[in-house]
Structures are given as C-alpha cells and as structure tokens.
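# Analysis of the macromolecular model
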Amino acid sequence: MIQKDVLRQVVTRQKAELFPKMEIVQREILDEILKWFKDERIIVLTGIRRCGKSTLLKQIMQKKTGWCYINFEDERMLDFKAQDFETLNEVLVEIYGPLSIYFFDEIQNIEKFEIFVRRLQEEGKKVIITGSNASLLSKELGTRLTGRYKAFEIYPFSFREVLAFNKTVVNKEDFYITDKKVNLLRFFEEYLNSGGFPEYLKNKDKDYIKTLYENILYKDIITRYSVRREKLIKELVNLLTTNTASKFTYNSLKNTLGLKNAITVKEYISYLNNSYLFFELLKFSYSVRQQLNSPRKIYSVDSVFNQVCGLNLTQDKGKNLENAVFIELKRKGKEIYYYEVKYECDFIIKEGKTINAAIQVCYSLDPKNRDREINGLIEAMNTFKIKEGLILTFEQSEELIINGKMIRVLPVLRWMVQ
C-alpha cells in the first residue's frame, strides 16, 4: 500500500512539470489518435523508451480538457499496488477537478492495472495508457480488455519530424535547386547516422544513448524476464546490430554464440522484440510452416544504436538505408515481408489478401548490383502481378521500363517526405 500523502506529492509534482517551456515538434500520428477520441475504446500507445510517448500525451492534453495525468515510472510509486487505484483516483479528482479523461504513463509497471482501467471505461471515462513493452501490454489487455482498446505503435522521429525539429520546410521544387537539394541530403545523411530519438537530437551526447540502451536492456529485458545470462544477451545484441538488415536463423546464432540449442536465442530475441529494440521480418510464403522455418531478417528500431551496440568499425550505408526504409514502412502500419525465390526483393507489402507493392533498397544503383537489384524486383512483380515497382537509393532518380514493367528509382529522402 502507498500513503495518500505520497500520492498527493507525486501527482502535484508531475502536474507542475507537465509543460516545460520548450518548443516541441508535433508528432505526425497526433491527428490520427485524436480521431479516435469519440470512440469509447481505451487508447494504447506503445513503443521503445524515450521515443516520445510522454511528449505525445502532452500534445493530446493541449487539445483536450477535463483530464488528469500520472506517470507510474516515478520511483515514489514503487510500492503502488492495484488496491491503491481508488485512493489514486480520489487524489486525481482532488488535484485536477472533475475528470473525463485519464492519462496513464508506463502503467504496465502495475500488476492488474487492467481491472481499474476497465472500470473507468465502464464509467464512461476516456483512458489513454502508454507502455514500453509490447508483450506485457498485449497480454494484460488481451485477457480483460479484448475488443476494448485501440493500439498505436510510436517510433522515434521520422525524417519529416527531424526536418521539423530543424525548422526546415520542404517543397517539391527543392529537389531541383542545387543548394537546397544538397542541404536536404546533408540532413538525411545525419538522420541515417543519428536516428530520431528526440533527446539525443538536442544534446548529441553518446552517453545518453548508452544509458538509454542499458535502461532498455536491464529494466525491460534482464529484470523483467529474470535473464541470468547477461553477457550472452549483450553478445546477441551486438551480433544483431552488426548484422542489421541481414538474414539469420536461430540455429546460426546458436552456433555463433556457442549454445547447445536455439530455444534460448529464440526467447532472447522475443524479449528484444517486445522491448521494441529490434524487429524480425519474415520471408513471404503462402505456407505458414515454410514462412516460420525460413531465415528471417533483423532490423533495429533506430540507427543510432549502431554507435553503441554494433561491432563494425565502419557503418554499412546500404544496410542503414534499408533499415530506415523498414522502420518508415512500420511507422506507416504496413504489413511487410521479404521475398526470395531465385532472386531477392527487400520488401513486399501485403494489404488484406493481396501483395500490392514491391520495394528494393540499395545505396546506389551501379553496374555491379544493377542486374541483381532489378531482377529481384521484377521477379517479385511478376509473381504478384504488380505493375509498378520501386527502387530506393540515397540520391539517384530514374524511370525504367523492363518487359512492360515500370520501375521508378527514387531517393529515399524524397520517398519519405512526399
């Protein structure tokens, strides 16, 4: 149990610190979330630590009235239990006044939180909750709140948001004006290296990223899942980061790490997925068994982790570019696979039961890789009867007609901002 006076202190202090005097980039997903406020379901925002979920909550608050806020990651809330929720509710009404909207930040730290959240919803309150762990939130919401919530995944800044952070507006004609194009390419190259974590963009302090990485590793993985082999999971993270955008199997990683079976590798990767540190991409197949047994590809949530987790001394620009495209597709909510039969295509996009887009990514299209990249794209287009394909590069533009198929070659930054 937690004392009422402690709750008053926490709520009062957090309220006072809600809106610091600083310029904040409006998140692109904000308008989409606001559309669902008239819906009675709970809104759930999940994503990696420090990607901007709390700031997004504040942006929603500025559009609404009759709300309250509590962040459960406050160290003074360590003794908070499910039976304390009613006391907390009294304190929130006492400090904020009559309430119609509840904002709960990092609520997954509280066991059985979903019981109280469901009661609020049944009383006609709007509830918005955030969390940094996909598995725990989905588990709790899936048991007691099935069909009662609308979930959104939040990511670090997109390239468009990074431009907004740098107070840069892009017009179509900028791609044809040399100095403006060069400036955009400079911003984009910086984005590929520094990523989109808002706080890191302000301070460019690599120690901040190291601390963030360690918090994710220890709080969201080692402590939460009682992982005993700390050194092993760190070695696995190093391997995955070094091999971003590459294919792997659980068995191949098992052998590299010197383990006796692949079950441990599979479990650890699931923990990394749940913390939003990495994402797995499956090979497309109409056979579920074949899909699950095929090699997977691995992608990092943000390229900045290469600076502290990877083993490569120099960055692979092509892999970084592919990783950025993957995360942008995830940000847009696309269902993505990779394709491979005779040749490979980096991404195919499924909507409903149909594959309707094929995308190839390479840093530059040159004589050494041209046939390989085009053949992989054409094979996917033929297989799924796609009329137009896309090759994304760092800065090349071109249009190709091959065997009656249209292939557009575009710079990734242009694809991202259009």
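For the structure, see preceding data.
Computed from a predicted model, the values in this text were never measured in an experiment.

## Looking at the overall build of the chain
The helix and strand tally for the chain stands at 18 helices and 14 strands. A compact globule built from 418 residues should have a C-alpha radius of gyration of about 22 Å, and the chain, at 23 Å, falls within 12% of that. With respect to the principal axes defined by its C-alpha atoms, the chain has extents near 70 × 55 × 45 Å. Expressed as a percentage of its 418 residues, the buried residues of the chain come to 51%. Nonlocal contacts in the chain, meaning residues at least 24 apart in sequence, comprise 70% of its contacts between residues at least 6 apart. Total accessible area on the chain stands at roughly 20500 Å², and carbon and sulfur atoms take up 48% of it. Taking the 67 positively charged and 56 negatively charged side chains of the chain as two groups, their mean positions are separated by 3 Å.

## Some words on the environment of Gly-195
If you trace the backbone, Gly-195 turns up in the loop between helix 8 (178-194) and helix 9 (198-203). C-alpha separation for the pair Gly-195 and Ile-60, spaced 135 residues apart in sequence, amounts to 24 Å. Aside from chain neighbours lying at most four places away, what touches Gly-195 is Val-162, Glu-190, Leu-201, Asp-302, Ser-303 and Val-304.

## Concerning helix 4 (residues 85-96)
The terminal C-alpha atoms of helix 4 lie 16 Å apart, and with twelve residues this matches the ideal 16 Å at 1.5 Å per residue to within 8%. All buried positions along helix 4 are accounted for by Phe-85, Leu-88, Asn-89, Val-91, Leu-92 and Tyr-96. Around the axis of helix 4, the buried residues are gathered within 165° of arc, so they sit on the same side. Residues of helix 4 that are buried in the fold lie against helix 1 (4-16), strand 2 (67-71), strand 3 (101-105) and helix 5 (113-122). Backbone geometry just after helix 4 places Gly-97 at a positive phi near 90°.

## Comments concerning the pairing of strand 2
Buried residues dominate strand 2, accounting for five of its five residues. Here strand 2 shows a buried face lined by Trp-67, Tyr-69 and Asn-71 and a second buried face lined by Cys-68 and Ile-70. Where strand 2 lies against strand 3, five bridges are found, and the strand directions are parallel. Counted as the bridge partner of Asn-71 is Asp-105 from strand 3. Remark: the strand 2/helix 4/strand 3 crossover connection has right-handed handedness.

## Overview of helix 16 (residues 317-331)
Relative to the 21 Å expected for 15 residues at 1.5 Å per residue, helix 16 spans 21 Å between its end C-alpha atoms, a close match to the ideal helical length. For helix 16, the tally of buried residues reaches eleven of 15 residues, placing the bulk of the element in the interior. The set of residues buried in helix 16 consists of Asn-320, Leu-321, Glu-322, Asn-323, Ala-324, Val-325, Phe-326, Ile-327, Glu-328, Leu-329 and Arg-331. For helix 16, the capping residue at the N-terminal end is Asp-316, with a side-chain oxygen 3.0 Å from the backbone nitrogen of Gly-318. Gly-333 lies just past helix 16 and shows a positive phi near 75°.

## Side note on the nonpolar core
If you look at the biggest cluster of nonpolar residues, it comprises 124 residues, and the most contacted ones within it are Phe-72, Phe-103, Phe-104, Phe-188, Phe-305 and Phe-347. Per-element tally for this core: the top contributor is helix 10 (residues 206-223), with eight residues. Ignoring sequence-local partners within four residues, the contact set of Phe-72 consists of Met-77, Phe-80, Phe-85, Leu-88, Phe-104, Asp-105, Glu-106, Ile-107, Asn-109 and Ile-110. In this structure, Ile-355, Cys-362, Ile-378 and Phe-384 belong to the second largest nonpolar core, which totals 21 residues.

## Here we look at the sheet that holds strand 4 (residues 126-131)
Ordered by their spatial adjacency, five strands build an open sheet running 2-3-4-1-5, and the pairing between neighbours is parallel. A single partner strand is all that each edge strand has here, and the edge strands are strand 2 and strand 5 (149-153). For this sheet, the mean angle separating the axes of adjacent strands, direction not counted, is 15°. By the bridge criterion, four bridges tie strand 3 to strand 4 in an arrangement that is parallel. Bridging across to strand 4, Phe-104 finds its partner in Ile-129. Sheet contacts for helix 5: strand 1 (42-46), strand 3 and strand 4; angle to strand 3, the most-contacted strand, approximately 165°.

## Section: the environment of Ile-233
Here Ile-233 lies in helix 11 (residues 230-242). Of the residues examined, Ile-233 reaches a relative accessible area of 0% and is grouped as buried. On a C-alpha basis, the gap between Ile-233 and Tyr-268 in space is 6.8 Å, while along the polypeptide they are 35 residues apart. If we ignore the near neighbours within four places in the chain, the residues touching Ile-233 are Leu-217, Ile-221, Ile-222 and Tyr-268.

## Some remarks on the side chain of Lys-283
For Lys-283, the location among the structural elements is in the loop between strand 7 (278-281) and helix 14 (288-293). Here Lys-283 occupies a buried position and makes no salt bridge, while the nearest side chain of opposite charge, Glu-340, is found at 4.9 Å. At 3.2 Å, the side chain of Lys-283 and the backbone oxygen of Glu-340 are in polar contact. Leaving out residues up to four positions away in the same chain, Lys-283 has contacts with Gln-291, Ser-294, Pro-295, Tyr-337, Tyr-338 and Glu-340.

## Section: the packing of helix 1 against helix 4
Any two packed helices are characterised by the angle at which their axes cross and by the distance between the axes. Direction vectors running N to C along helix 1 and helix 4 enclose 45°, while the axes themselves pass 10 Å from each other. With respect to helix 4, the element helix 1 is oriented oblique. Both helix 1 and helix 4 take part in a crossing whose hand is right-handed. Side by side, helix 1 and helix 4 meet where Lys-4, Leu-7, Arg-8, Val-11, Thr-12 and Lys-15 of the first sit next to Thr-87, Leu-88, Glu-90, Val-91, Leu-92, Glu-94, Ile-95 and Tyr-96 of the second. Split into classes, the residues belonging to the contact of helix 1 with helix 4 amount to seven nonpolar, two polar and five charged.

Procedures and definitions
- Residues numbered from 1 in each chain as written.
- Predicted model: local features only at pLDDT ≥ 70, side-chain atom pairs only at ≥ 80, totals over all residues.
- Heavy atoms only, no water.
- Helix = DSSP H or I, 4+ residues; strand = E, 2+ residues; numbered from the N terminus.
- Rg over C-alpha atoms; globule rule 2.2 N^0.38 Å.
- Buried < 20%, exposed > 50% of the residue type's maximum accessible area, 1.4 Å probe, protein only.
- Contact = heavy atoms within 4.5 Å.
- Areas by Shrake-Rupley, 256 points an atom, 1.4 Å probe, with all protein chains shown as cover.
- Lys, Arg positive; Asp, Glu negative; His and termini not counted.
- Charge placed at Lys NZ, Arg CZ, Asp CG, Glu CD.
- Expected span 1.5 Å × (residues − 1).
- Arc of directions from axis to C-beta.
- Pairing = 2+ DSSP bridges.
- Right-handed = clockwise from strand over helix to strand, strands pointing away.
- Polar contact = N/O pair within 3.5 Å; in protein donor to acceptor, adjacent residues only side chain to side chain.
- Core = buried A, V, L, I, M, F, W, Y, C linked by side-chain atoms within 4.5 Å.
- Axes fitted to C-alpha atoms, helices over the stretch in contact; angles between N-to-C directions.
- Salt bridge = Lys/Arg side-chain N within 4 Å of Asp/Glu carboxyl O.
- Parallel < 35°, antiparallel > 145°, perpendicular 65-115°, else oblique.
- Left-handed = near helix turned anticlockwise from the far one by under 90°.
- Nonpolar A, V, L, I, M, F, W, Y, C, P; charged D, E, K, R; others polar.

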